[in-house]
Amino acid sequence: MLENAVYECPYCGEEVETTLDLSGGDQTYIEDCQVCCRPITFVLQVHDEEWHLEVFSENE
């Protein structure tokens, strides 16, 4: 199940849209910001049909 989400980059502050794959359950992964190319840690928590996404910089 794919879901679109908008997050704020912890480095440049830009709002960026990404696609989340909720079928994998809880996940932690790293993706580069589409604007400033710095690595962002994504923490996705999935509970049935509800989900929560948090993003962190390398130093957090």
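Since this is a predicted model, take the numbers as computed values, not measurements.

### With respect to the overall build of the chain
Then comes step 1: Across its full length, the chain carries zero helices and five strands.
Then comes step 2: Counting helices and strands in the order they occur from the N terminus, the chain gives β-β-β-β-β.
Then comes step 3: Against the compact-globule benchmark of 10 Å for 60 residues, the chain has a radius of gyration of 11 Å, which places it among compact chains.
Then comes step 4: Principal-axis analysis of the C-alpha atoms gives the chain an extent of 30 × 20 × 15 Å.
Then comes step 5: Expressed as a percentage of the 60 residues in the chain, the buried residues total 28%.
Then comes step 6: Long-range pairs, those at least 24 residues apart, make up 26% of the contacts in the chain between residues at least 6 apart in sequence.
Then comes step 7: On the chain, roughly 4100 Å² of surface is accessible, and the fraction owed to carbon and sulfur atoms is 41%.

### Some thoughts on the pairing of strand β4 (residues 39-47)
Then comes step 1: The pairing of strand β3 (residues 27-32) with β4 spans six bridges and is antiparallel. Note that in β4 the partner of T28 across the bridge is V43.
Then comes step 2: Taking the residues between adjacent antiparallel strands as the criterion, β3 and β4 are bridged by six residues, where C37 takes a positive phi near 65 degrees.
Then comes step 3: Both β4 and strand β5 (residues 50-56) contribute to a ladder of seven bridges, which runs antiparallel. Directly across from V43, in β5, lies its bridge partner E54.

### Remarks on the nonpolar core
One broad rule of soluble globular proteins: the nonpolar side chains tend to lie buried together.
Then comes step 1: Within the largest apolar cluster, 13 residues are counted, with the highest numbers of intra-cluster contacts made by L20, I40, F42, L44 and L53.
Then comes step 2: No other element matches the four residues that β4 contributes to this core.
Then comes step 3: Excluding residues that lie within four positions of it along the chain, L53 makes contacts with A5, L20, F42, V43 and L44.

What counts as what
Residues numbered from 1 in each chain as written. Predicted model: local features only at pLDDT ≥ 70, side-chain atom pairs only at ≥ 80, totals over all residues. Heavy atoms only, no water. Helix = DSSP H or I, 4+ residues; strand = E, 2+ residues; numbered from the N terminus. Rg over C-alpha atoms; globule rule 2.2 N^0.38 Å. Buried < 20%, exposed > 50% of the residue type's maximum accessible area, 1.4 Å probe, protein only. Contact = heavy atoms within 4.5 Å. Areas by Shrake-Rupley, 256 points an atom, 1.4 Å probe, with all protein chains shown as cover. Pairing = 2+ DSSP bridges. Core = buried A, V, L, I, M, F, W, Y, C linked by side-chain atoms within 4.5 Å.

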